[in-house]
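Observations on the three-dimensional arrangement
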Amino acid sequence: MASQKLFGFTLHRHVHRHLKDHFIPHAGNGYLPHVLHHRALRLYSALLLLMKLVALGSPLLLPYSITQALALTPDNVIELTNQSRRDYHLAELLPSAKLAVAAANKARDIMDKSYFAHFSPGGVSPWYWITQAGYTYTHAGENLAIRFTSAEGVNEAWLNSPTHRANILSEDFKEIGVAVLTDNFGQEGSATIVVQMFGSQDQPAKQPIAASVSPPIPAPQRPVAKSSSILPAVAATKVSIDYPLMNSYVKTGSFDILGTAAKLAKVRVYVDSSPPQTVLADFNGKFSLRLASEYTLAEGSHLLRAVAESSGGSVESPAVRFRVDFAPPSIDRDSFSILPAMVPGKYNVRAQVAEDSVRTIVTVGRDSVALTKQDGNSWTGTLQVLQSLSVERLPIEVYAQDMAGNEARVRVGELVLGQVKGLYSFVSGDASAANPSFSFLGGLVKVGDLDFALKNFYLLFAAGLGFALILKIAIARHVQHVRAIAGGAGVMMLAMILFVL
């Protein structure tokens, strides 16, 4: 019982007396609550400052799950990618030497031609580099970044972009290859390019999926030694069309035709029934031919072949059939649905997209999920929303990409607390938060987002001290301690300054 004597006094009376002495001004404490005593105020100030210093120094003093300020190297980018996947309980991606070669070749091409896009100025797609490296894919994807100085910076930017994030967290991918190249980038001077390629080879054959580009940020990188990549060799006695790929799609009627032939061979390139165009292979046996304006192709299926002439005679390449596609895939806005799943913060998503789409992503703010194609034009998936819904409206968008790289993006509504604004209405679960954590004693003690917790503490502390000041002024109006009131107000101001910082 609360009234039972404990060590010679009753417990409730002991607690009541101490609370009164600490917070209520009365004759027994000289009308100055203990919480406003000058010694207590000095202690508060010291502790508030010490806590802020600990928070600022925590990156150096506390162990993170990954090392901070990692150098921008392929191994570190792969490690951070796999760390992100582990955070979502996804299988790690295995390094692939072939994908690494593909990424290095793509990075070299970007530098040499001074462009920053998935498709080169000549219309060459990312899948060309993957295929040329000898990687036979069933799923493939690409992320790009430029002008970053650390592996964390690249990974964070990709995770903050819904389409990049969908690539990193896609369950379709099993392997990864990364290239980091620093060199002169056009007239801008030295720049660092990061190419991240994903792939899988162990699933039923499907078309390649979308690539994602990270917007550049100004962060100059020191120049390093140039690196070069060599594409897989092809016998000099043969001629082949390397791009476009067989049964592939291109999204422009004028593009670069790439191929391999004997060194310095004269190559005649035929497109459908048009007269041939002629080009010479270089010393490495590579040739590149941009379709002239009068040969611009219409949308539809086309046939391409090449004939090489050298001192050894002439030889014809196997014919390559490809399709030109200008139109982006259509998205049925009215058929989109999003409903809360059994797990709080997760939502079941369904979208209807044109049959030629090979990549469909649903984004809610910064969160995203790559959907899986079902029967017909239906795509489904489960989206985890990590952002708080209590203070912001999160736009819902559907993104789709076809084989040629044509992209469509449609806004279908807004997700707010308790409903989807505009199209759908339902009672949503609480969104879970993914905040960084700190571990002590080998993980036995864990603290969540330290900065967030500290700001809450400062706010609650200032409120509590303000309440004590109000009681002091209101109850003991005939006996005021000006220095204590001024000191308490000063400590409150210090707490609010630290809250803002």
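Per chain, residues are indexed from 1 in the order of the written sequence. Thresholds applied to this predicted model are a pLDDT of at least 70 for local features of residues and 80 or more for the giving and counting of side-chain atom pairs; totals over whole chains, interfaces and linings are not thresholded and use all residues. Hydrogen atoms and water are omitted, and side-chain values are computed over all heavy atoms in the structure.

**Re the nonpolar core**
Throughout, nonpolar core names a set of buried Ala, Val, Leu, Ile, Met, Phe, Trp, Tyr and Cys residues whose side chains join them through atoms within 4.5 Å. Residue burial is assigned from relative accessible area. The probe radius is 1.4 Å, only protein chains are included, and a residue is buried under 20% of its type maximum, exposed over 50%, and partly exposed in between. Judged by nonpolar contacts, the single largest core of 52 residues is most densely connected at I130 and F287. Considering each element in turn, this core owes the most residues, 6 residues, to helix α4 (residues 97-113). Residue contacts are counted whenever heavy atoms from the two residues lie within 4.5 Å of one another. For I130, the contacting residues outside a window of four places in its chain are L99, A102, Y135, Y137, A140 and M197. Working definition: helices are DSSP H or I runs of at least four residues, strands are E runs of at least two. Numbering for both runs from the N terminus.

**Some words on the packing of helix α3 (residues 74-87) against helix α6 (residues 151-159)**
Between α3 and α6, the least distance of the axes is 9 Å, while the angle of their chain directions is 40°. As summarised for this structure, α3 and α6 are arranged oblique, according to the angle between their axes. Here the hand of the crossing between α3 and α6 comes out right-handed. Contacts from N76, V77, L80, T81 and S84 of α3 reach α6 at A151, E152, N155, W158 and L159. For helices, the axis comes from a line fit to the C-alpha atoms of the stretch in contact; other axes are also lines fit to C-alpha atoms, and the angle between any two N-to-C directions lies between 0 and 180 degrees. Roughly parallel here means an angle under 35 degrees, roughly antiparallel means over 145, roughly perpendicular means 65 to 115, and every remaining angle is called oblique. Helix crossings are classified by the rotation of the near helix relative to the far one: an anticlockwise turn of less than a right angle makes the crossing left-handed, while a clockwise turn makes it right-handed.

**Observations concerning the sheet that holds strand β10 (residues 256-260)**
Here we have 3 strands laid out as an open sheet, ordered β8-β10-β13, and antiparallel in their pairing. Two strands lie at the open edges of the sheet, namely β8 (240-243) and β13 (286-290), each paired on one side alone. On average, each strand axis in the sheet is tilted by 30° relative to the strand beside it, whichever way the strands run. Strand pairing requires that DSSP identify at least two bridges connecting the strands. Judged from the 5 bridges that link them, β10 and β13 form a sheet pairing that is antiparallel. Paired with D256 across the strands is R290, a residue of β13.

**Topic: the sheet that holds strand β22 (residues 378-384)**
Read across the sheet, 4 strands follow the order β17-β18-β22-β21 without closing on themselves; strand pairing throughout is antiparallel. In the strand order of this sheet, the two ends are held by β17 (331-340) and β21 (372-373), each with one partner. With 2 bridges joining them, β21 and β22 adopt antiparallel strand pairing. If you follow T372 over to β22, its bridge partner there is T380.

**Digging into a nonpolar patch on the surface**
On the surface, a cluster of nonpolar side chains totalling about 350 Å² of accessible area is made up of L43, L47, L50 and V54. Here L47 lies in helix α2 (residues 38-61). In this structure L47 comes out as partly exposed when scored by relative accessible area, which is 41%. Like-charged residues are merged into a patch within 9 Å and nonpolar side chains (Val, Leu, Ile, Met, Phe, Trp, Tyr) within 5 Å, provided each residue has over 30% relative accessible area and no salt bridge. Note on areas: Shrake-Rupley, 1.4 Å probe, and residue coverage restricted to the protein chains presented here. One speaks of a salt bridge when a side-chain nitrogen belonging to Lys or Arg is within 4 Å of a carboxyl oxygen belonging to Asp or Glu.

**Quick word on the packing of aromatic side chains**
In summary, the pairing rule links any two rings of Phe, Tyr or Trp, Trp by its six-membered ring, whose centres are within 6.5 Å, and it sorts them by plane angle into stacked for under 30 degrees, edge-to-face for over 60 and tilted for everything else. With the rule as written, the count across this model stands at 8 aromatic pairs. Pairing F173 with F198 gives two aromatic rings, centres 5.1 Å apart and planes at 15°, and the pair type is stacked. One end of the pair, F173, is in the loop between α7 (162-168) and β5 (175-184); the other, F198, is in strand β6 (residues 190-200), and 25 residues separate them in sequence. With a centroid separation of 6.2 Å and 55° between ring planes, the pair formed by F457 and Y458 is classed as tilted. Using a relative accessible area of 1% as the deciding quantity, one classes Y458 as buried. The structure contains a cluster of three or more aromatic residues connected by ring pairs, namely Y44, F457, Y458 and F461. Stacked on the ring of F119, the Lys or Arg K251 has its end atom at 4.5 Å from the ring centre. Whether a charge sits over a ring comes down to the Lys NZ or Arg CZ being within 6 Å of the ring centre and within 35 degrees of the ring normal. Positioned above the aromatic ring of Y270, the side-chain terminus of R305 is 4.2 Å from the ring centre.

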